[in-house]
Amino acid sequence: MADTNYDRQNPAFYVLIAILILMSVGPVIILLANSMRLDVDITSGVGGLIFMPTIRNYETALCDILWYEPEHLRFCQIRFGGAFINSIIIALISTALTLIFGCMAAYALVRFKFMGRDTVSLSTLAVRMIPPAVLLVPVFGLWNNAFCLDNDYGLGAWIRDTFGGRGDVCLAGTHSGIIIVYVAMNLPFVIWILQSFIVQVPKSLEEAARVDGAGPFQVFFLVVLPLIKPGLAAASIFTFRIAWNEYLLASALADRDTMTVPILIVNNASEFDGLGTIFATGMLLAIPPILFTLFASRQIITGMTAGAVKG
Amino acid sequence: MNRSTPYLFIAPAALVMALALFYPIGYMMWGSFRDWDPTQNISETEFVGFANYVRLWGDAFFWESFSVTLIFAFTVVVVEMVIGVGLALLLDRNIRGMSVLRTLFILPMMIAPVVVGLVWRFMFHQTYGTFNRFLNWIGDTWWGNLLGIGPVDWLGQNPLLSVIFADIWQWTPFIFILSLAALQSLPRSALEAARIDGATGWQQVWFIKLPLMAPVLVVTMLLRLIDAFKVLEVILVMTGGGPGLSTEILALRIARTAREFRELGEAAAMSNYLLMLLMLLTLGMFAFNRWTEARSRKLKFAAEEEG
Amino acid sequence: MLKRLLATTMVAGVAMTGAAFADGHSNPYAEYEGTTLVVNFPAHPHYNAVMEVLPEFTAQTGIEVEVDMLPYLDMRERQTLELALDEGAYDMIAYVVFSKADYVYADQILNLAPFFMNPRLADPNYDAEDLIDGYVQNIGVAGGERGYLPGPTGSLYGLPFGSETSVLYYRTDVFEEHGLEVPETYDDFLALACEIPELVPGMGGVASRAASGHQASHAFLLHLAPLGGRVFGDGWDPTINSPEGVAAAEALRSIVECGPEGSSAFGPAEAANAFAQGQAAMFLDSIAFAATFEDESRSTVAGNVGWAPHPVGVRAASQTGGFGIAIPRNGANPEAAFLLMQWLTSREGDLAVAMAGGNPSRFSTYANEELNAQYPWSSTFGEALADADPDWRPIIPPWGRINADIGTTMSQVLTEGLDPQEALDGIAERTRALMEEEGYYTWQ
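Cut-offs applied
- Residues numbered from 1 in each chain as written.
- Chains lettered and ligands numbered in written order.
- Predicted model: local features only at pLDDT ≥ 70, side-chain atom pairs only at ≥ 80, totals over all residues.
- Helix = DSSP H or I, 4+ residues; strand = E, 2+ residues; numbered from the N terminus.
- Buried ≥ 20, exposed ≤ 12 C-beta atoms within 10 Å, placed from the backbone.
- Contact = placed C-beta atoms within 7 Å.
- Nonpolar A, V, L, I, M, F, W, Y, C, P; charged D, E, K, R; others polar.
- Pairing = 2+ DSSP bridges.
- Axes fitted to C-alpha atoms, helices over the stretch in contact; angles between N-to-C directions.
- Parallel < 35°, antiparallel > 145°, perpendicular 65-115°, else oblique.
- Left-handed = near helix turned anticlockwise from the far one by under 90°.
- Domains from an automatic or database assignment.

Turning to the overall build of chain C, a few remarks are in order. Regarding its fold elements, chain C presents 19 helices and 10 strands. Along the first, second and third principal axes, the C-alpha set of chain C runs to 65 × 55 × 30 Å. Split into buried and exposed, the 444 residues of chain C put 54% on the buried side. Counting only contacts in chain C whose residues sit at least 6 apart along the sequence, the fraction spanning at least 24 positions is 75%.

Now the structure itself:
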């Protein structure tokens, strides 16, 4: 679409567009502005958008990974650094696993004619319908009790000897425990999206590869995967977004060593001092999604429309 | 090709979903018939039959939560559909700034719900919130004073409205973008034909565009409705479910029952009620979808024949 | 200022250990040197002060302390989980008073008698007589009268640490300017609460907690005891809907209505903040906030705050609450945990924490001159403790649900105009059903 080719329109449309843009960005700007203000300035509200920015809130939030001790702090209470690392580990690994498993499943469903497409979309939709809150109770119970290894013998004992820690080896409180839930939660959606991309891959290409002696896994990884890159990009952004932003299940499963950033935010959202700090934490959490929006909006829109229109 | 290959491809996904989705759901069904405390292993718990379900049936707080959930979900979906589709119809044209809007419009959906809750709680704050500051400013002008405009106790007196606003902000773009995509993929021939026949803008929208978009709109609405029942974090951070029970949606009540009251059995039964409700809604929407699809196919066919 | 405080504490601490060594005894901590204790504390001004004193403990004893700090409602939830495991992560926990019932009943925290009997662990100079008796009884002892109160059958499970009572904060400048008297009775207090917004436009009478849930319940109970009510009468009969209960609900409602803007959504932090920003003339809440109000970086009313005991209604009954510390049954180092517990609540430890801004657990600390010079409110608070009411709310396992019910319903009274009598009747009815289910009427 060339820039010069716009139709001339009623100026009211430009005003409308400007207002909509302002509305979608406004709260984010407020978040950013507040994260750089002192608490007193936030609550007294002087200055509007013109104020002396401070990085103090960020220092407070990041105190556990800073190389110096911020002067205004009595001790380091908010351990954002640790939570941030946990969030990254959990979001990246669960995104990678979801994509790998999801691709393979979607491919099989399309190519090997497992079930009718209707059945698949119906069942993915049915699974997608399950709210995380419904999973809260059983996952909490299973991860803390049933999915545990006794620490007295066998694998459980080995894990305790090697990695330390106390009690039976349970899924709860580990990164893997949270990752597996996220993978399961995201798979239906990813399978659904990727199917619509895989359908478009010409079968002849795969057959040509097979004639050349490639096995089914080689065909899949070397021929199909490169062709559905846009779908993969979209799917990975959506999966990452959920794994990165999710609070409820993580809060039930994480312990103090595996706590993610959203938990940190909710835990500290109602504390007396630290309004600015909590905005700084929120801003840090919002950075990856903001980057995605700015640099991959096309993929996001493709993913959204593929999910709804083609499903 | 080996006969087992398809199974190998499906196995990892199936295994994970079985372990972390289907088994837990089954576990929840089982647990809902038990007097279950988080400190116990479920096999040590007492079987109580339908006691949890019966108790909820007579629990006024549960029903209030139930109705709050329905009011919230349907209000946001209806309002978002109207605004989203309306904007799409209005802005479906080649116009400067649209690409920027499409990019930035995604922002609200991408940001973590806990952060959205945080910002909106601030904006709705009684004394230093953005909205009340704005209302105060208007109230200080002579005409604002005349109209009696002043600060509103958003989270205290209008809590449900406040969380609905936040959700509309976050999710209207979703509907806008999907309807825009649907609009742009409509058969141009049908629209041309209508224009040649002298249909006004409204007539085009009402008799051609909307019916042709219907299947996509129904799916969009269904997705949005499903997601509206999943909303939790925004409300948790904004109001914590209060004041009273005015914003305590079912998801929040489930979480509270499980974690604060430590009644896992009851929470499981509540989860089951929620699941049943969603199942009914989804099936209903599916039937509706079939109907609109058949209708739009007929329409498309007719339009193409005419064109 | 903090650096100086720490220095004082350090000197006191060093003097203490110095004396122990000079006596020719071996170091009682030697055996536990190098142990790392994992403790769970709430995010609370008292525990912020503890954080400053802990390095001194490590320096003296060689025992490392790792602190997991959580907001206190989350802390309770985390503990519920951790304590149920065979082996838990925490060696010592701080617990909210009403958790005492749950933990003792479920046999999850250790009785402290074996530790105090152990000559290798118990410090002969501990001076238990000096601990504020009301706190120890309320927070530490279980198994006596009604199960949760002290009595001949009771025994000690925890020590008060970061315990608190309620006091009335007021703006000396506002009271002086308008010639107001500090209210001593509830009638005066309630009248004044609604008089102030008329005298000083834009200023609320009393900043109070009122947010739905625990906060609204807390605020209601705060008035219930002084106005003569109780949640339960004899035989666990719910009496919350008595005329006294209705009076308490009405008191809370008028306080919130005459309070600063947005009161109905206030938690303790917001309420304290409203007072600190000059939006209210009075604040009836925990003693824990005193230091915050004098901190000029967080308060615009520093230097203009006065302190008075909780106003008296039918009875003088300020709340008793806050936190205690206990040793979980599933902890890894109960003995070292006991040493930490003993150190923190010793005369020296208590004073050091108090000097850093914590709430004293000892009479001697309240009487300490240095502390009074530093924190002029200390003596008032010490006096207020005389009227602390250990029974202002029941501490029984079903309390969590009853508390949530009161909180939700009271919030409806405050925001949705629900009639107080009707609201309390509803709570009483649901509470009776719950108590029946939990077996409290078995012996009737």
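What follows deals with the overall build of chain A. Each helix and strand in chain A was counted, giving 14 helices and two strands. The buried share among the 311 residues of chain A stands at 50%. Pairs at least 24 apart in sequence give 69% of the contacts found in chain A among residues at least 6 apart.

For helix 14 (residues 250-259) of chain B, a buried count of 10 out of 10 residues is recorded, marking the element as mostly surrounded by other parts of the structure. Buried residues of helix 14 of chain B: Leu250(B), Ala251(B), Leu252(B), Arg253(B), Ile254(B), Ala255(B), Arg256(B), Thr257(B), Ala258(B) and Arg259(B), and no others.

This paragraph deals with the interface of chain B and chain C. Tallying the contact residues gives 19 residues for chain B and 21 residues for chain C. Of the residues in the side of chain B that touches chain C, the class split is six nonpolar, nine polar and four charged.

At the interface, 77 residues of chain A touch 76 residues of chain B. When residues in the side of chain A that touches chain B are grouped by element, the largest group, 16 residues, is from helix 14 (residues 275-310) of chain A. Classifying every residue of the side of chain A that touches chain B gives 59 nonpolar, 15 polar and three charged.

A few words now on the pairing of strand 10 (residues 320-326) of chain C. Residue and element names in this part refer to chain C. Of all seven residues that make up strand 10, seven are buried, and the element is covered over most of its length. Both strand 3 (residues 92-96) and strand 10 contribute to a ladder of four bridges, which runs antiparallel. Bridged to Ile 93 within strand 10 is Ala 326. Here strand 6 (residues 159-171) pairs with strand 10 via five bridges, running antiparallel. Following the sheet pairing, Ser 163 is matched in strand 10 by Gly 322.

Moving on: helix 6 (residues 133-140) of chain C. Residues and elements named next belong to chain C. Extensive coverage of helix 6 is indicated by the burial of seven of its eight residues. Of the residues making up helix 6, those classed as buried are Gly 134, Tyr 135, Val 136, Gln 137, Asn 138, Ile 139 and Gly 140. Looking at the packing, one finds that the buried side of helix 6 touches helix 4 (99-105), strand 4 (141-142), strand 5 (155-156), strand 6 and strand 10.

The next point concerns the packing of helix 4 (residues 80-111) of chain A against helix 1 (residues 5-31) of chain B. With their axes 8 Å apart at the nearest point, helix 4 of chain A and helix 1 of chain B run at an angle of 130 degrees to one another. As summarised for this structure, helix 4 of chain A and helix 1 of chain B are arranged oblique, according to the angle between their axes. Considering only the axes of helix 4 of chain A and helix 1 of chain B, their crossing is left-handed. On helix 1 of chain B, the residues touching Phe101(A), Gly102(A), Met104(A), Ala105(A), Tyr107(A) and Ala108(A) of helix 4 of chain A are Pro6(B), Phe9(B), Ile10(B), Pro12(B), Ala13(B) and Val16(B). Per-class residue counts for the contact of helix 4 of chain A with helix 1 of chain B are 11 nonpolar, one polar and no charged.

Looking now at the domain arrangement of chain C. Residue and element names in this part refer to chain C. On domain assignment, one finds that chain C holds domain 1 (2-164 + 321-387) and domain 2 (165-319 + 391-437). Between domain 1 and domain 2, the contact holds 25 residues from the first and 22 residues from the second. Among the elements of the structure, helix 2 (45-61), helix 4 and helix 17 (378-384) are those that each provide at least two residues to the side of domain 1 that touches domain 2.

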